[in-house]
Amino acid sequence: MPWLPVSSRCARTGSGLTFTVADKWGTLALVALTESPYRFNALRRRVDGVSEKMLAQTLHALERDGLVTREVQATIPARVEYTLTAPGARIAATLRALLEALEAEIPAIMTAREDYDRRH
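The residue count restarts for each chain, going from 1 along the sequence in the order it is written. With the structure being a predicted model, the display of local features is reserved for residues of pLDDT at least 70 and the display and counting of side-chain atom pairs for 80 or more, all residues being used for whole-chain, interface and lining totals. No hydrogens and no water enter the side-chain calculation; it runs on all heavy atoms of the structure.

Points about the packing of helix 6 (residues 86-104) against helix 7 (residues 106-119)
Note on method: axes are straight lines fitted to C-alpha atoms, helices fitted across the in-contact stretch only, with angles between N-to-C directions ranging 0 to 180 degrees. Starting at the N terminus, helices and strands are each numbered in turn, a helix being any DSSP run of H or I of at least four residues and a strand any DSSP run of E of at least two. In the contact formed by helix 6 and helix 7, the axes pass within 5 Å of each other and the chain directions differ by 55 degrees. Regarding the angle of helix 6 to helix 7, the classification is oblique. Here Leu-102, Glu-103 and Ala-104 of helix 6 lie close against helix 7, whose contacting residues are Ile-106, Pro-107 and Ile-109. Three classes are used: nonpolar for Ala, Val, Leu, Ile, Met, Phe, Trp, Tyr, Cys and Pro, charged for Asp, Glu, Lys and Arg, and polar for all others, with Gly counted as polar. Here the contact of helix 6 with helix 7 is composed, by residue class, of five nonpolar, no polar and one charged. Here roughly perpendicular refers to angles of 65 to 115 degrees, roughly parallel to angles under 35, roughly antiparallel to angles over 145, and oblique to all remaining angles. Working rule for contacts: check all heavy atoms of both residues, and any pair within 4.5 Å makes them a contact.

Concerning the sheet that holds strand 3 (residues 79-84)
Here, strands pair whenever DSSP counts at least two bridges between them. Read from one edge to the other, the open sheet built from three strands follows the order 1-3-2, with strand pairing classed as antiparallel. Every interior strand has two partners, whereas the edge strands, strand 1 (38-39) and strand 2 (68-73), have only one. Relative to strand 3, strand 1 runs antiparallel, the two being bridged by two bridges. Note that in strand 3 the partner of Tyr-38 across the bridge is Tyr-82.

Some details on the pattern of salt bridges
The salt bridge criterion pairs a side-chain nitrogen of Lys or Arg with a carboxyl oxygen of Asp or Glu, the two atoms within 4 Å. Evaluated as defined, the whole model comprises six salt bridges. Of the charged contacts in the structure, one is a salt bridge between Glu-52 and Arg-44, with a shortest N-O distance of 3.9 Å. Glu-81 is paired through a salt bridge with Arg-79; the nearest N and O atoms lie 3.4 Å apart. Exposure remark for Glu-81: the relative accessible area of 17% places this residue in the buried category. The buried label goes to any residue with under 20% of its type's maximum accessible area, the exposed label to any with over 50%, and the partly exposed label to all in between, with areas taken from a 1.4 Å probe on protein chains only.

What to know about the environment of Thr-58
The residue Thr-58 is located in helix 5 (residues 52-64) in this model. For Thr-58, a relative accessible area of 7% corresponds to the buried category. Spatially, the C-alpha atoms of Thr-58 and Val-21 are 9.1 Å apart, while their sequence positions differ by 37 residues. Here Thr-58 is in contact with Trp-25 and Gly-26, once residues within four sequence places are set aside.

So, a nonpolar patch on the surface
Only residues above 30% relative accessible area that lack a salt bridge enter a patch, with like-charged residues linked at up to 9 Å and the nonpolar side chains Val, Leu, Ile, Met, Phe, Trp and Tyr linked at up to 5 Å. Accessibility throughout is a Shrake-Rupley quantity obtained with a 1.4 Å probe, and a residue counts as covered only by protein chains that appear here. A contiguous nonpolar surface patch, about 420 Å² in accessible area, is contributed by Leu-98, Leu-102, Ile-106, Ile-109 and Met-110. At three residues, the largest contribution of residues to the nonpolar patch is made by helix 7. Tracing the chain through its elements places Leu-102 in helix 6. For Leu-102, a relative accessible area of 42% translates into the label partly exposed.

What about the nonpolar core?
In summary, soluble globular proteins display a tendency toward joint burial of nonpolar side chains. Among the nonpolar cores identified, the biggest contains 22 residues, and Leu-30, Leu-33, Leu-43, Leu-55, Val-68 and Tyr-82 are the most heavily contacted of them. Every element with two or more residues in this core is listed here: helix 3 (24-33), helix 4 (40-46), helix 5, strand 3 and helix 6. Apart from the residues lying within four places of it in its own chain, the contact partners of Tyr-82 are Leu-33, Pro-37, Tyr-38, Phe-40, Leu-59, Val-68, Thr-69 and Arg-70. Buried Ala, Val, Leu, Ile, Met, Phe, Trp, Tyr and Cys residues that are joined via side-chain atoms within 4.5 Å together make up what is termed a nonpolar core.

Quick look at the structure:
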């Protein structure tokens, strides 16, 4: 297959993968899971601001895409833990690097916004 931009390849498959990974909650959940496996409620606390319903939908989509595994342990009550798969870890590492680069540039971005707002 000839090289196509990633968004074009994903669009051609109709996968919606770019929407799950590039979505705010998908990105934050994947990056949080680079730290360690998380149980649902612990991950919800780590991903500040996400609702229970949105996190559940996000994790379901990430699991379907093979980026996250959901392990149910036979305890009472049942213990469910989410971890990154190998592809999920590679993608999450890239997303983490992107977020770190963005955070490092926040002062420059804020200055640029202020300059722009003064001119317009």
